[in-house]
Amino acid sequence: MQYRQLGRTGLRVSVFGLGTNAFGGRADEATSIALIHHALEHGVNLIDTSNRSPATPTMTELSETIMGRALRGRRDQAIIATKCGKKTGNGPNDANCSRWHILQEVERSLRRLQTDHIDLYQIHWFDPTTPLEETLRAFDDLVRAGKVRYVGCSNYTAWQLCKALWTSDRHGLARYDSVQPAYSPADRRIEPELIPLCLDQGVGVLVYYPLAGGILTGKYRPGSEPPQGSRARTQPGFAAQLNARNLALAVEMERLAADVGATVAQLTLAWVMRRPGITSALVGATTLAQQEENLRAVDLPLSEGTLRRITELSDPFVAF
Ligand SMILES: NC(=O)c1ccc[n+]([C@@H]2O[C@H](COP(=O)([O-])OP(=O)(O)OC[C@H]3O[C@@H](n4cnc5c(N)ncnc54)[C@H](OP(=O)(O)O)[C@@H]3O)[C@@H](O)[C@H]2O)c1
């Protein structure tokens, strides 16, 4: 495994992070626990979740609860990254990034995770209805109370992160040391603004959806039905992402993967992990075989020419 500093902090996180939003939904509890243990055994230390994953109709248990059970006796091996700020109930304050909601949700997450601290607590989205200073002050209090070690944000644009950094700086509050956006060869929208900001300000970038939800594994083919058991069958709404543009990219990636003796998933992840500014790719899986395959991307030798070819193939995906 390779490790990188999380932005300007002294924390070292694995370049391959475990994404858990299938846990308790598309992956049952036994499989999810096996995937967590397997990842830890392969040197993965970063495990990402949220207080409402998996948000699917097939949900049996929150992934935080499963993580708590999986990490009994192994807590020190993991950097637990979780999130709050999205809707968790029907009450007027069961959503958003208010102090009230954050302080309520952190206690619930700690209980489910069976731990006394969260290593990286991330706000799930930019909430325009709550003053940013209120959110940052609540996070700062959690850091000072020892319940949270580092704080970060997710789904922020560059201007939103820039505003958050200057707000923390102005008020002497703990600042966001990481941001979590979507990123893959099929979605490079963060490259023009967010990545340069993070490089300049020393903010870590943990990317989700690095396989475009599974499209960049080659499992979906133009003109064919999605395979049985795949996310396009088990998660309502996902099949809409199987559009001609994404599927054509997957076909091109498959040709390139065959040339270098790798799988499409490995080629995709190896490229993502080597892109400028990327700290870690948060990779989801529903089987051990998928995770075995994906982990091999960390040490996959790729020539500059192959990396450049993937960049060229995916250049149209810098903008949508
Ligand atoms: N911050 C946010 O708002 C946000 C949003 C989404 C996700 N996330 C985080 O990012 C993580 C990763 O996102 P993600 O899991 O949605 O997307 P992803 O990593 O791009 O896709 C993972 C999915 O692709 C399929 N897959 C993975 N490896 C495969 C392989 N080798 N061969 C065939 N299929 C394979 C599996 O689905 P099937 O087997 O079901 O097809 C797996 O669940 C999440 O788990 C979560 O921690 C954060």
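Quick summary incoming for the structure in this document. Everything numeric here is computed off the predicted structure, so don't read it as measured data. (Residues numbered from 1 in each chain as written. Predicted model: local features only at pLDDT ≥ 70, side-chain atom pairs only at ≥ 80, totals over all residues. Heavy atoms only, no water.)

Next up on the list: the sheet that holds strand β9 (residues 204–207). Judged by pairing direction, the barrel is parallel, and its 8 strands sit side by side in the order β3-β4-β5-β6-β7-β8-β9-β10 before closing back on the first. Ignoring which end each strand starts from, the neighbouring axes of this sheet average 30° apart. Where strand β3 (residues 16–19) lies against strand β10 (residues 280–284), 4 bridges are found, and the strand directions are parallel. Within β10, the position partnered with Gly19 by the bridge is Gly284. (Pairing = 2+ DSSP bridges. Helix = DSSP H or I, 4+ residues; strand = E, 2+ residues; numbered from the N terminus. Axes fitted to C-alpha atoms, helices over the stretch in contact; angles between N-to-C directions.)

Bringing the site of the ligand into the picture now. Around the ligand, a shell composed of 31 residues is seen, among which Arg26, Ser154, Leu211, Lys219 and Thr286 lie nearest. Between the ligand and the protein, one listed contact pairs a nitrogen atom with a side-chain N or O atom of Asn294 at 2.9 Å. Considering the ligand on its own, with 900 Å² of exposed area, one finds that the protein chains cover 93% of that surface. Of the residues in the shell around the ligand, the class split is 10 nonpolar, 15 polar and 6 charged. (Near = heavy atom within 4 Å. Polar contact = N/O pair within 3.5 Å; in protein donor to acceptor, adjacent residues only side chain to side chain. Areas by Shrake-Rupley, 256 points an atom, 1.4 Å probe, with all protein chains shown as cover. Nonpolar A, V, L, I, M, F, W, Y, C, P; charged D, E, K, R; others polar.)

Across its 13 residues, helix α1 (residues 29–41) extends 18 Å between first and last C-alpha, which sits within 8% of the 18 Å expected from 1.5 Å per residue. The secondary structure elements touched by the buried residues of α1 are β3, β4 (46–48), α2 (63–70) and α10 (288–295). (Expected span 1.5 Å × (residues − 1). Contact = heavy atoms within 4.5 Å.)

This part takes up the packing of aromatic side chains. If you walk through the whole model with that rule in mind, you get 8 aromatic pairs. Taken together, the aromatic side chains of Tyr121, Phe126, Phe139, Tyr156, Trp159 and Tyr176 make up a single cluster linked through ring pairs. Cation over ring: Arg231 sits above Phe238, and NZ or CZ is 5.1 Å from the ring centre. (Phe/Tyr/Trp six-rings, centres within 6.5 Å; stacked < 30°, edge-to-face > 60°. Lys NZ or Arg CZ within 6 Å of the ring centre and 35° of its normal.)

The interhelical angle for the contact between helix α4 (residues 132–144) and helix α5 (residues 158–171), taken along N-to-C directions, is 60°, at an axis separation of 10 Å. The interaxial crossing formed by α4 with α5 has right-handed handedness. Contacts between α4 and α5 involve Leu132, Glu133, Leu136 and Arg137 from the first element and Gln160, Lys163, Ala164, Thr167, Ser168 and His171 from the second. Split by residue class, the contact of α4 with α5 holds 3 nonpolar, 4 polar and 3 charged. (Left-handed = near helix turned anticlockwise from the far one by under 90°.)

Below, the discussion takes up the nonpolar core. If you look at the biggest cluster of nonpolar residues, it comprises 92 residues, and the most contacted ones within it are Ile36, Tyr121, Ile123, Tyr156, Leu161, Tyr176 and Val179. Top element by residues in this core is helix α9 (residues 264–274). It accounts for 8 residues. Listed in part, the 9 residues of the second largest apolar core include Val13, Leu46, Ile79 and Leu206. (Core = buried A, V, L, I, M, F, W, Y, C linked by side-chain atoms within 4.5 Å. Buried < 20%, exposed > 50% of the residue type's maximum accessible area, 1.4 Å probe, protein only.)

On a regular strand, one side chain projects to one face of the sheet and the next to the other, so that they alternate. Counting buried positions over the 5 residues of strand β8 (residues 176–180) gives 5, a clear majority of the element. After leaving β8, the chain enters helix α6 (residues 194–201) and then returns to the sheet as β9, a path that is right-handed. (Right-handed = clockwise from strand over helix to strand, strands pointing away.)

As enumerated under the stated definition, the model contains 0 disulfides in all. There is no disulfide at Cys97, and the cysteine sulfur nearest it, in Cys84, is 6.8 Å away. With no disulfide of its own, Cys198 lies closest to Cys153 among cysteine sulfurs, the gap being 7.8 Å. A residue is classified by how much of its surface remains accessible, and Cys198, at 3% relative accessible area, is buried. (Disulfide = S-S within 2.5 Å.)

None of this, on its own, says anything about what the molecule does.
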